[in-house]
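# Structure assessment
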Amino acid sequence: MSAPGSVAAATQALLTPGRLAAVALSLLVLGVLPLILPPFDTLQVSYGLILGIAALGFNLLLGYTGLLSFGHSAFFGTGAYAAAFLVKYWGVRSMEAFIVAGVLASLLVAALIGAVCVRYTRIFFGILALALSQVLWSLALKLFWVTGGTDGLRVPTPTLLGGAFTQAFGVQTDKTAFLAYRYYYYVLAVFVLATTVMWVIVHSPFGKALQAIRDNEVRAEFVGVQVRRYRYVAFLVSGAFTGLAGVLWVPLNGLTTPEVLYWPFSGRIVFMAVLGGFRTFWGPIVGAFVYNYLEVWAVSATVYWQLVLGVILVALVLTMPTGLVGTAGQLLAWLRRSRRA
Amino acid sequence: MDTLVIHVLNSLFYASILFLIASGLTLVYGVMRIVNMAHGNLYAVGAYVAAWIVGLAAGSFPPAALFLLLLLGAGAAALAGAILEPTMLRPLYRRPEEYQLLVTFGLLLILEDLLRLVWGPYPLTASAVSDTLGSITILGATYPGYNIFVILIGAGAAAALWAFVYKTRFGVMLRATSQDMRMAAALGVNVKRVYVQAFTIGCFMAGLGGAVVMPISGAVLGMGVEALILAFVVVVIGGLGSLEGALVGAVIVGAVRTVGITYFAEVELALLYLIAAVVLFLRPAGLFGRA
Amino acid sequence: MSLLEIRNITKSFGDNRAVDDVTLTIQRGEFLGLIGSNGAGKTTLVNLISGFFPADRGALVFDGHDITRQSINERIRVGIARSFQLVNLFDQLTVLDNVALTIFSRQGKTRWLWTLADRDGAVRDEAVAVLRQFGLEAHAPVLAGSISQGERKLLDVAVAYALRPKLLFLDEPTSGVSTREKAPIMDIITAVVRAEGITAVVIEHDMDIVFRYSDRIVAMHQGAILASGSPDEIRRNEQVAMTLLGTHADPQG
């Protein structure tokens with residue numbers, strides 16, 4: 001096995017026919033879902049896609065940079081409130097404007113929070129992010145004349161792409177039709193775009209530098225990767241992604257309240273990534289989907305669903321730390337090995 | 001003048017509670033290099049257990065004895081710690097630190113709902129305890145006697161902890177383990193025992209804080225995380241792993257909080273963290289932290 | 001011609017004077033062996049020169065520039081690199097990526113988030129070439145955490161070498177490796193270093209290795225320089241023999 005060949009083989013492994021087929025199939029399935037599922041279920045898939053983007057952003061920090069943030073509700077909430085402010089104070093209805101504002105606002109919040117957090121050692125990073133996100137939460141709660149306080153702010157259905165496609169899939173004024181069809185495809189398109197961008201980022205030289213920092217920050221510094229700077233940029237990108245998710249979420253929910261900034265929300269994002277497997281690219285997305293269904297079930301089953309979540313999290317960490325995708329991968333590899341033997 | 005006295009006393013009051021919580025957090029970090037995300041919830045456990053026991057005993061015991069029962073709240077938190085460390089934390093020492101954070105975060109979620117499960121969603125109170133001490137007049141200001149009691153507890157705990165860490169044989173082992181765990185183990189220190197004992201002490205301090213503040217603010221859901229982010233500001237300002245830092249940080253945060261609550265009520269938390277951010281910029285290791 | 005001038009460098013940790021007023025000149029192109037018992041200050045000296053922490057006093061002049069106050073990154077950019085005594089690799093990255101990342105960093109490409117790393121043929125080819133020089137090319141697609149200890153030691157050096165430094169510090173490149181593997185590892189390292197004209201400073205405890213490969217040897221003791229000279233001179237040096245070997249010097253050299 002000559003070296004260039006093995007290296008080339010390693011590269012092709014990223015985009016094998018098998019993988020491309022899997023991606024194409026998934027897109028196909030996701031594409032036809034609204035046509036076969038009842039609207040409620042389509043909405044659940046939308047939530048799954050949106051949370052998937054949030055978890056994807058979060059995992060750039062955890063899985064690829066080795067930084068565990070318990071404060072990502074700050075970005076999700078910033079995205080949501082940015083859209084809500086645009087509606088309340090400037091009467092804007094364009095989804096694209098929401099997205100631009102939400103992402104910019106999240107970048108600003110990430111720039112401020114990150115400047116403080118990356119100065120600290122890795123182990124305190126997460127709790128510092130938690131604390132700063134709660135500062136934001138307390139502001140949203142207390143400055144009620146700006147943010148609507150506990151009542152929150154309403155966000156009516158936005159216009160997508162300036163009003164194009166309004167005739168597709170039924171009457172324009174039917175909110176359910178809007179959410180289950182036009183908005184679903186919009187979210188799906190943004191999801192595909194976001195996932196592609198993140199995929200490129202983690203496979204870029206920058207992504208390799210982040211992983212080096214995760215594995216060995218001292219050595220990373222000694223090969224010329226200025227650790228603090230790279231962590232900061234990773235934090236900005238991560239915040240932008242999770243903020244984008246917040247923007248996409250709010251028209252679906254119709255309303256944003258301080259709940260979305262409250263720390264248990266950050267905990268959900270962490271849980272999703274760990275459930276799916278934070279050492280893989282697809283893990284957090286799978287985790288987001290599974291979590292969404294889990295939460296719907298748990299909330300209807302018991303009022304102590306946070307307890308259920310906590311128990312599952314502890315069990316995961318102690319017994320199945322690589323999560324669903326990671327464990328599935330390990331099982332596959334073990335099967336392959338035993339079949340060869 | 002008497003407003004000033006009240007502000008000073010309030011600052012010391014907050015500082016005492018904050019020191020009790022933060023000292024536990026910083027001790028556990030200093031010795032074990034672990035950040036216990038559920039630390040605030042052990043403070044809540046202390047409050048809830050104390051409230052519950054006092055509630056049960058209120059009729060039959062004289063008010064003076066109720067004070068001693070508060071200690072049981074701290075004891076419950078310590079017991080929880082003694083159980084949790086070997087079962088949930090010890091399996092993860094060899095693994096990357098993310099796992100410890102994740103487990104203690106899971107514990108946070110569990111304890112939050114466990115408290116609700118056992119004691120319901122409504123606050124528990126025991127104002128009978130704080131009422132017994134009435135009011136005292138100091139320098140022309142009237143101030144609750146119970147708050148003075150809390151300040152004394154805080155000061156006493158600080159002194160006791162300091163003596164324990166610097167004057168006892170166990171304290172020597174504690175400090176040795178925190179400076180160099182492998183060397184301490186090589187020299188015959190039972191590191192496993194030091195760890196569980198340090199963790200238990202940390203939880204005891206948090207529980208004591210909760211038990212002692214409970215007669216005034218009650219045992220409320222969500223008090224755990226609130227305490228955690230306040231204790232964390234203290235540790236950031238004072239410095240990781242430093243008990244002196246926890247004391248100084250507690251006083252600073254107590255003072256800022258008193259002023260903040262009086263004049264900038266909505267943004268008091270933001271103000272606190274702004275100060276923490278400034279400290280971090282000037283001295284990333286905190287005032288007393290080692291770099 | 002001098003490459004690095006170390007002038008009166010001092011570093012204390014509390015009461016412990018780890019490096020005590022060390023003055024030393026490292027000549028361009030030489031292969032310098034740095035010896036001394038544990039705690040003599042060798043690694044601390046390397047840490048000071050590579051920028052891990054600042055010196056309390058003294059100056060460092062590299063290639064005519066004063067680098068005393070420079071950061072780790074700046075020192076790498078002027079051409080100083082180091083390997084580590086306890087292997088310091090990116091275990092979750094492949095052997096190839098460990099080197100490739102270093103090359104990306106050297107070329108300033110780690111700023112790029114919009115291109116695929118594996119598509120950069122030039123970097124990949126250079127990484128493979130480096131691995132080949134160190135005999136590691138067969139392990140290219142394997143995770144760095146899963147190769148043998150000897151291979152990891154070589155990879156540690158290869159990563160530092162991939163920075164194409166002018167001055168390379170090797171901290172005990174053969175420690176923790178079985179005796180019969182030591183010489184082959186040193187052969188590979190010296191071959192690479194000499195072929196590229198890199199100035200090298202090697203910290204070593206194995207006296208056979210040091211005497212065999214070094215052009216010059218510097219002996220340290222308790223933070224200060226005890227002696228400096230050719231291997232023969234050091235072998236005959238009574239002080240060095242007493243403090244480091246616990247025996248009398250060999251009068252025949």
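Not measured: the values here are computed from a predicted model. (Residues numbered from 1 in each chain as written. Chains lettered and ligands numbered in written order. Predicted model: local features only at pLDDT ≥ 70, side-chain atom pairs only at ≥ 80, totals over all residues.)

## Digging into the overall build of chain B
Counting its secondary structure elements, chain B contains twelve helices and two strands. Reading the helices (α) and strands (β) of chain B from amino to carboxyl end gives α-α-α-α-α-β-β-α-α-α-α-α-α-α. Taken over C-alpha atoms, the radius of gyration comes to 19 Å for chain B, in line with the 19 Å a tight globule of 291 residues would show. Principal axes of the C-alpha set define a box for chain B whose edges measure 55 × 45 × 35 Å. Counting all 291 residues of chain B, 54% fall into the buried class. In chain B, once contacts between residues fewer than 6 apart in sequence are set aside, the share between residues at least 24 apart is 76%. (Helix = DSSP H or I, 4+ residues; strand = E, 2+ residues; numbered from the N terminus. Rg over C-alpha atoms; globule rule 2.2 N^0.38 Å. Buried ≥ 20, exposed ≤ 12 C-beta atoms within 10 Å, placed from the backbone. Contact = placed C-beta atoms within 7 Å.)

## Side note on the interface of chain A and chain C
With 28 residues of chain A at the interface, the matching set in chain C holds 37 residues. Of all the secondary structure elements, the ones that give two or more residues to the side of chain A that touches chain C are α1 (3-12), α8 (175-203), α9 (205-215) and α10 (217-222) of chain A. If you tally residues by element for the side of chain A that touches chain C, the top one is α9(A), at eight residues. Within the side of chain A that touches chain C, the residues separate by chemical class into 15 nonpolar, nine polar and four charged. (Nonpolar A, V, L, I, M, F, W, Y, C, P; charged D, E, K, R; others polar.)

## Some words on the sheet that holds strand β2 (residues 16-27) of chain C
Pairing between the strands of a sheet comes from backbone hydrogen bonds, and it takes one of two forms, parallel or antiparallel. Residues and elements named next belong to chain C. Strand order in the open sheet formed by four strands is β2-β1-β4-β5, and the pairing between neighbours is antiparallel. Edge positions in the open sheet fall to β2 and β5 (65-66), since each of these has one partner strand only. Where strand β4 (residues 57-62) lies against β5, two bridges are found, and the strand directions are antiparallel. Bridging across to β5, Val61 finds its partner in Asp66. Against the sheet, helix α1 (residues 42-50) contacts β1 (2-13), β2 and β4, and its axis sits at roughly 65 degrees relative to β2. (Pairing = 2+ DSSP bridges. Axes fitted to C-alpha atoms, helices over the stretch in contact; angles between N-to-C directions.)

## What about the interface of chain B and chain A?
Across the boundary between the two partners, chain B contributes 33 residues, which contact 35 residues of chain A. Looking at the side of chain B that touches chain A, the elements that each hand over two or more residues are α4 (97-119), α10 (223-238) and α12 (268-282) of chain B. The element best represented in the side of chain B that touches chain A is α4(B), accounting for 16 residues.

## Looking at helix α3 (residues 39-65) of chain A
All names here are of chain A. Between its first and last C-alpha atoms α3 spans 38 Å; for 27 residues at 1.5 Å apiece the expected length is 39 Å, and the two agree. Within α3, the axis deviates most sharply at Asn59, by approximately 45 degrees. In the stretch just after α3, Gly66 is the one whose phi turns positive, near 80 degrees. (Expected span 1.5 Å × (residues − 1). Bend = angle between axes of the 7 residues up to and from the residue.)

## Topic: helix α2 (residues 17-36) of chain A
With 20 residues, α2(A) extends 28 Å from end C-alpha to end C-alpha; this agrees with the ideal 28 Å at 1.5 Å per step. Of all 20 residues that make up α2(A), one are buried, and the element is exposed over most of its length.

## Notes on the arrangement of the chains
Looking at the two pairs of chains with contacts, the pair that accumulates the most is chains A and C. A minimum C-alpha distance of 11 Å separates chain B and chain C, which share no contact.

## As for the sheet that holds strand β9 (residues 216-221) of chain C
All names here are of chain C. Taken together, the six strands give an open sheet; going across it, the order is β6-β7-β8-β3-β9-β10, and neighbouring strands pair in mixed fashion. The open sheet has two edge strands with one neighbour each: β6 (80-82) and β10 (224-229). Across the sheet, the mean angle separating the axes of adjacent strands is 20 degrees when strand polarity is ignored. By the bridge criterion, five bridges tie β9 to β10 in an arrangement that is antiparallel. Across the sheet, residue Ile217 finds its bridge partner in β10, namely Gly229. Lying on the sheet, α1 is in contact with β3 (31-35), β6, β7 (167-171), β8 (199-203) and β9; it crosses β7 at an angle near 145 degrees.

## Concerning the nonpolar core
One finds B:Leu18, B:Ala47, B:Ala231, B:Val233, B:Val234, C:Leu131 and C:Ala158 to be the most contacted residues of the largest nonpolar core, which totals 297 residues. Per-element tally for this core: the top contributor is helix α1 (residues 2-32) of chain B, with 17 residues. (Core = buried A, V, L, I, M, F, W, Y, C linked by C-beta atoms within 7 Å.)

## With respect to the pairing of β9(C)
Looking down a regular strand, the side chains alternate between one sheet face and the other. Residue and element names in this part refer to chain C. Among the six residues of β9, five are classified as buried, and the element is accordingly described as predominantly covered. Relative to β9, β3 runs parallel, the two sharing four bridges. If you follow Gly33 over to β9, its bridge partner there is Ile217. Here β9 folds back onto β10, and the loop between the two strands holds two residues, one of which, Gln222, carries a positive phi near 50 degrees.

## Section: the confidence of the model for chain C
Residue and element names in this part refer to chain C. On average, residues of chain C carry a pLDDT of 92, and 97% of them reach 70 or more. Averaged pLDDT values over the elements of chain C bottom out at 80 in helix α9 (residues 238-245) and peak at 97 in helix α3 (residues 95-106). Across the whole predicted complex the pTM is 0.91, and at the interface the ipTM reaches 0.93. (pLDDT = per-residue confidence, 0-100.)

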